[in-house]
Amino acid sequence: MTSLLTAADGRARCAWVGDDDEYRRYHDEEWGVPLRGDRALFEKMSLEGFQAGLSWITILRKRPRFREVFSGFDPAVVSRFDGDDVERLMSDAGIVRNRAKIEAVIGNAALVDAMADGEFDELMWSFAPADAGPRPREFADVPATTPASAALSKELRRRGFRFVGPTTMYALMQSAGMVDDHVEGCWRVS
């Protein structure tokens, strides 16, 4: 796979964007931009969990509906979802209907809600590498997991979080800007 693609606007981008407008917007405005806040990171963790086994563009296109049916990913609200809510979500074709993932989001919300304000953000960011290391030269240089994502996954699982494996957590670290995996030559490289 080519590591860079140049779009009609003349900008070279990470090739995973392809020619999809929504992917391009996501790459240009969100992916790799530092994301802070308990609610924002809870949403990111939830969506990355839903993505497991699927393509990110599927989740990205369903994100507005996810936000709607999961009450803006407010942990205090989602943590109070019950069996009726699970059934409501299981019948909603606008999201990924996977009972285990839905129940994990509700359980994870309760764990985040039980934390002090800012504690979840602090926990997540405590695993961001202090040294960015070399920028990936090629797409093939981008890892699927790292020791930091494995450690984050282990700590979250120790605390009772679900659907937070090392690969899922590395995807979160990339998308939330804890690491910056824009390949060399991408216009987003600072």
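To be clear, the structure that these remarks concern was listed above.
In this text, all values refer to a predicted model and were calculated from it rather than measured experimentally.

**Q** Could you give an account of the pattern of salt bridges, with specific residues and numbers?
**A** Tallying each qualifying case throughout the model produces 19 salt bridges. Between Glu29 and Arg25 there is a salt bridge, with the nearest N and O atoms lying 3.3 Å from each other. Note that Glu29 and Arg25 are positioned in helix α1 (residues 21–29) at a spacing of four residues, about one turn of the helix. Classification of Arg25 as partly exposed rests on a relative accessible area of 23%. Notably, a salt bridge pairs Glu30 with Arg25, separated by 2.7 Å at the nearest N-O pair. Several salt bridges share partner residues, and in doing so they unite Glu22, Arg25, Glu29, Glu30 and Arg63 into one network.

**Q** Give a description of the environment of Glu43 that names residues and reports values.
**A** Turning to its location among the elements, Glu43 is positioned in helix α2 (residues 38–51). Under the relative-accessibility criterion, Glu43 is labelled buried at 11%. Taking the C-alpha atoms as reference, Glu43 lies 13 Å from Leu111; in sequence the two are 68 residues apart. Apart from the residues lying within four places of it in its own chain, the contact partners of Glu43 are Arg63, Arg67 and Phe73.

**Q** Just give me the short version of the nonpolar core, but keep the residues and values in it.
**A** Within the largest apolar cluster, 51 residues are counted, with the highest numbers of intra-cluster contacts made by Phe42, Met45, Phe66, Phe70, Phe120, Met124 and Leu156. At the level of secondary structure, the elements contributing two or more residues to this core comprise α1, α2, α3 (56–69), α5 (83–90), α6 (99–113), α7 (119–125), α8 (147–158) and α9 (166–175). A total of six residues in this core trace back to one element, the largest contributor, which is α3. In this structure, Leu156 is in contact with Met45, Phe120, Leu123, Met124, Phe161, Val164 and Met169, ignoring residues within four places of it in sequence.

Thresholds, definitions, all that
- Residues numbered from 1 in each chain as written.
- Predicted model: local features only at pLDDT ≥ 70, side-chain atom pairs only at ≥ 80, totals over all residues.
- Heavy atoms only, no water.
- Salt bridge = Lys/Arg side-chain N within 4 Å of Asp/Glu carboxyl O.
- Helix = DSSP H or I, 4+ residues; strand = E, 2+ residues; numbered from the N terminus.
- Buried < 20%, exposed > 50% of the residue type's maximum accessible area, 1.4 Å probe, protein only.
- Contact = heavy atoms within 4.5 Å.
- Core = buried A, V, L, I, M, F, W, Y, C linked by side-chain atoms within 4.5 Å.

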